[in-house]
Amino acid sequence: MKGIVYDGFGPAEVLRLAEVPRPEIRPHDLLVRVKAAGVNRADILQRNGAYGNQSFGESTLLGLELAGEVVGVGSEVDEVSIGQRVMAIVGGGAYAEFARVDRRMAIGIPGNLSFVEGAAIMESFVTAVESVSHVAGVGQGQTVLVHGAAGGVGSACVQVAHALGATVYATASASRLADVGSIGAAAVIDYRADDFESVVARLTDHRGVDAVIDFVGGDYLPRNLRSLRPGGILVQVGILSGQHATSIPLNLLLHNHLRLAGTVMKSRGVDEKRAMVRRFSEGFSPLFASGELKPLVDQVFPLERAADAHSSVERGGGFGKVVLAVD
């Protein structure tokens, strides 16, 4: 089968299409003919060597989420049929014509969605549900600040928080303010032109928000903590700033009994990933059929142009996910 490989860490141009071994399924697996695969920043970090030779999954190929058609089922799988359309989280291997999928990390694609749309859901929305609902505990009537709200996971966080009945404030670039507003944000802040801390203080009458979902890190951290109400929570999901070390105002953390939590999917064990997929499947996947949640696809590239897809994600500025179409 065809798949995307690279011979050494480096820029997007190291990616190339090659013949790779077709995966063999085990008793609890599905074999899926991949129709589309989502592109995530974790893929870019892996390509750049950020994880070294550390493995977080079963395949050395890139790709953490996919949508496709079941062409094989393991001997212990009895509730999935050949030909069923599924979307899934995988521990690598989505950038290929076929992928092995843990049955408990796959769910059916709603009938109103295409394979490309299905490929834009799992990594973003499972992470969003984990961050907003499970970790932050956001609920009806609360207020949430979401940074990087035009990106794949950020836009999913806005939608999930809105679906939970929260008032959502968000940051994005000037060109994406209207887009982010259209998916449920009550106010969208131009992060280049405005100081989000001052804007949030004004929007909340200086009370602060219940939760902050942040993908930036660096000097955002103390500003995020100052934007929280007493007892609020900051959920750190990424470090797009590249600033891994920053100062924490511990006096504020203590005085306002704030909480700081980190979450990322790639480094979690398989049982944790299964639990995350289950929470998403049971509580939120039906909202795609009703239209309350919507996959956002920014650009689609054929598999052989994986390098161009990576470059697009690295440039940023899009709205939603970049997807590889395998057919």
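Provided above is the structure to which this section pertains.
What counts and what doesn't
- Residues numbered from 1 in each chain as written.
- Predicted model: local features only at pLDDT ≥ 70, side-chain atom pairs only at ≥ 80, totals over all residues.
- Heavy atoms only, no water.
- Axes fitted to C-alpha atoms, helices over the stretch in contact; angles between N-to-C directions.
- Helix = DSSP H or I, 4+ residues; strand = E, 2+ residues; numbered from the N terminus.
- Parallel < 35°, antiparallel > 145°, perpendicular 65-115°, else oblique.
- Left-handed = near helix turned anticlockwise from the far one by under 90°.
- Contact = heavy atoms within 4.5 Å.
- Nonpolar A, V, L, I, M, F, W, Y, C, P; charged D, E, K, R; others polar.
- Core = buried A, V, L, I, M, F, W, Y, C linked by side-chain atoms within 4.5 Å.
- Buried < 20%, exposed > 50% of the residue type's maximum accessible area, 1.4 Å probe, protein only.

A.B. asks: For this particular structure, what's the right way to read the packing of helix H3 (residues 122-135) against helix H4 (residues 152-163)?
C.D. replies: Between two packed helices, both the angle of their axes relative to each other and the distance between the axes serve to describe the pair. Contact pair H3 / H4: the axes reach a minimum separation of 8 Å and the direction vectors enclose 55°. With respect to their mutual orientation, H3 and H4 come out oblique. Relative to H4, the crossing made by H3 is right-handed. For the pair H3 and H4, contact is made by Ser124, Phe125, Thr127, Ala128, Val129 and Val132 and by Gly152, Val153, Ala156, Cys157, Gln159, Val160 and Ala161, respectively. Split by residue class, the contact of H3 with H4 holds nine nonpolar, four polar and no charged.

A.B. asks: Whenever I open this one, the packing of H3 against helix H9 (residues 270-283) confuses me. Can you help?
C.D. replies: Running from N to C, H3 and H9 cross one another at 85°; their axes reach a closest spacing of 9 Å. Judged by the inter-axis angle, H3 sits roughly perpendicular to H9. On the side of H3, the interface is formed by Met122, Phe125, Val126, Val129, Glu130 and His134, while H9 contributes Met276, Val277, Arg279 and Phe280. Of the residues that constitute the contact of H3 with H9, the class distribution is seven nonpolar, one polar and two charged.

A.B. asks: Would you mind showing me how to read the nonpolar core here?
C.D. replies: Grouped burial of nonpolar side chains is what soluble globular proteins tend to show. Met122, Val146, Val158, Val180, Ile213 and Phe280 are the most contacted members of the largest nonpolar core, which totals 54 residues. Formed by 32 residues, the second largest nonpolar core is a distinct cluster that contains Val77, Ala99, Ala106 and Ala309.

A.B. asks: Mind showing me how you'd approach the environment of Met1 here?
C.D. replies: Within the secondary structure layout, Met1 lies in the segment before strand S1 (2-5). Separated by 256 residues in the primary sequence, Met1 and His257 place their C-alpha atoms 54 Å from one another. When neighbours within four sequence positions are excluded, Met1 is seen to be in contact with Ala18, Glu19, Val20, Pro21, Arg22, Pro23, Ala96, Glu97 and Phe98.

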